[in-house]
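# Residue-level structure breakdown
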Amino acid sequence: MSSPLTPPGLSRTEPLRPLPKLIFMSRWLQLPLYLGLIVAQAVYVYHFWVELVHLIEAAFGNKEAIAMLAEAVMPVVPGATPAAPPTKLTETTIMLVVLGLIDVVMISNLLIMVIVGGYETFVSRLHLEGHPDQPEWLSHVNASVLKVKLGTAIIGISSIHLLKTFINAAHYDAKTILAQAGIHLAFLLSAMAIAYCDRLMAPMLKQDAHGH
């Protein structure tokens, strides 16, 4: 009687039965989801360039671009009288816009990790071994590593948002600032808990692999 487990490094010769084959093929239902994330990535690229063009126009004194940037990065406090539109580009506005651009880049990096790492882990191999542009983290990616990397990326994105809030603190009330700080702390504790659980499980997984 053949073993139900195929030894590492050997190809499976016997075909799958219909029901296991159907269940295994169902992983391809995730393909439209990853294609949708690629579309979302394209939207972020477009948004990045729109904001960058507005910043360049504002740097050359375009008042309409200055007003658009100020409206985007300086929300009106509820109950407060809206301030007059600025007539020149300030250092604070530039800093907030640049932080927004960095935020877009970090979210884009997060999308790449989900698209490439998720497809490689849950759908099908990309066969990038030996490719000069293969991401270093992809060579040892699995579900646990992907969760830790995603958690770290989310903490980075949350840090950018929190920094933008602190720089622009005059336009936010105390409850909003405390809520954002609490959410950031929750992200940090969650990532630490995931990393700690993976560290505890690593020896058991190695022992189980050696046992087989």
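Higher on the page you've got the structure.
Residue positions are given per chain, counting from 1 as you read along its sequence in written order. With the structure being a predicted model, the display of local features is reserved for residues of pLDDT at least 70 and the display and counting of side-chain atom pairs for 80 or more, all residues being used for whole-chain, interface and lining totals. Hydrogens and water molecules were not included; the side-chain quantities draw on all heavy atoms of the structure.

## Thoughts on a nonpolar patch on the surface
On the surface, a nonpolar cluster with roughly 370 Å² of combined accessible area is contributed by Leu185, Leu188, Leu189 and Met192. Relative to the assigned elements, methionine 192 resides in helix α6 (residues 174-211). Residues form patches when they are more than 30% accessible in relative terms and have no salt bridge. Like charges link within 9 Å. Nonpolar side chains (Val, Leu, Ile, Met, Phe, Trp, Tyr) link within 5 Å. All accessible areas in this document rest on Shrake-Rupley with a 1.4 Å probe, and a residue is counted as covered only by the protein chains that are shown. Between Lys or Arg on one side and Asp or Glu on the other, a salt bridge is scored when a side-chain nitrogen of the former is within 4 Å of a carboxyl oxygen of the latter. In DSSP terms, a helix is any run of H or I states spanning at least four residues, a strand is any run of E spanning at least two, and both are numbered starting from the N terminus.

## Examining the nonpolar core
By size, the foremost hydrophobic cluster in this structure holds eight residues: Leu55, Ala58, Ala65, Ile66, Leu69, Val73, Leu96 and Val97. If you list the elements that add at least two residues to this core, you get α2 (31-59), α3 (63-73) and α4 (91-122). Counting residues per element, this core draws most heavily on α3, which supplies four residues. Contacts are assigned to residue pairs with any non-hydrogen atoms lying within 4.5 Å of each other. Ignoring anything within four residues of it in the chain, the contact list for valine 97 reads Leu55, Leu69 and Val73. Membership of the second largest hydrophobic core comes to five residues, among which are Ile107, Met113, Ala153 and Ile157. Within this scheme, the nonpolar core is defined by two criteria: the residues are buried Ala, Val, Leu, Ile, Met, Phe, Trp, Tyr or Cys, and they are joined through side-chain atoms within 4.5 Å. Residue exposure (1.4 Å probe, protein chains only): buried if accessible area is under 20% of the type maximum, exposed if over 50%, otherwise partly exposed.

## Examining the packing of aromatic side chains
A pair of Phe, Tyr and Trp rings is counted when the ring centres sit within 6.5 Å of each other, with Trp represented by its six-membered ring. The angle between the planes then sorts it: under 30 degrees is stacked, over 60 is edge-to-face, the rest tilted. Counted under the stated rule, the structure contains three aromatic pairs. Centre to centre, the rings of tryptophan 28 and tyrosine 119 are 6.3 Å apart; their planes meet at 70 degrees, and the pair counts as edge-to-face. Of this pair, tryptophan 28 sits in the loop between α1 (18-25) and α2 while tyrosine 119 sits in helix α4, and the two are 91 residues apart along the sequence. Taking the relative accessible area as the measure of exposure, tyrosine 119 reaches 16% and is therefore buried. The interplanar angle of 80 degrees and the centroid separation of 6.0 Å between the aromatic rings of phenylalanine 48 and tryptophan 49 together place this pair among those described as edge-to-face. Joined through ring pairs, the aromatic side chains of Trp28, Tyr34 and Tyr119 make up one cluster. Sitting over the face of the ring of phenylalanine 24, arginine 27 holds its NZ or CZ atom 3.9 Å from the ring centroid. Two conditions define a charge located above a ring, namely a distance within 6 Å from the ring centre to NZ of Lys or CZ of Arg, and an angle within 35 degrees of the ring normal.

## Observations regarding the packing of α2 against α3
Running from N to C, α2 and α3 point in directions that differ by 125 degrees, and their axes come no closer than 8 Å. When the axis of α2 is compared with that of α3, the two are oblique. Crossing geometry of α2 relative to α3 is assigned as left-handed. Between α2 and α3, the contacting residues are Glu51, His54, Leu55, Glu57 and Ala58 on the first element and Ala65, Ile66, Met68 and Leu69 on the second. Note on residue categories: nonpolar means Ala, Val, Leu, Ile, Met, Phe, Trp, Tyr, Cys or Pro, charged means Asp, Glu, Lys or Arg, and polar means any other residue, Gly included. Split by residue class, the contact of α2 with α3 holds six nonpolar, one polar and two charged. Comment: axis = line fitted to C-alpha atoms, over the contacting stretch for helices; angle = value between 0 and 180 degrees taken between N-to-C directions. By the definition adopted for this analysis, an angle is roughly parallel if under 35 degrees, roughly antiparallel if over 145, roughly perpendicular if from 65 to 115, and oblique otherwise. For a crossing to be left-handed, the near helix must be turned anticlockwise from the far one by less than a right angle; the clockwise case is right-handed.

Nothing here speaks to function; it is all geometry.
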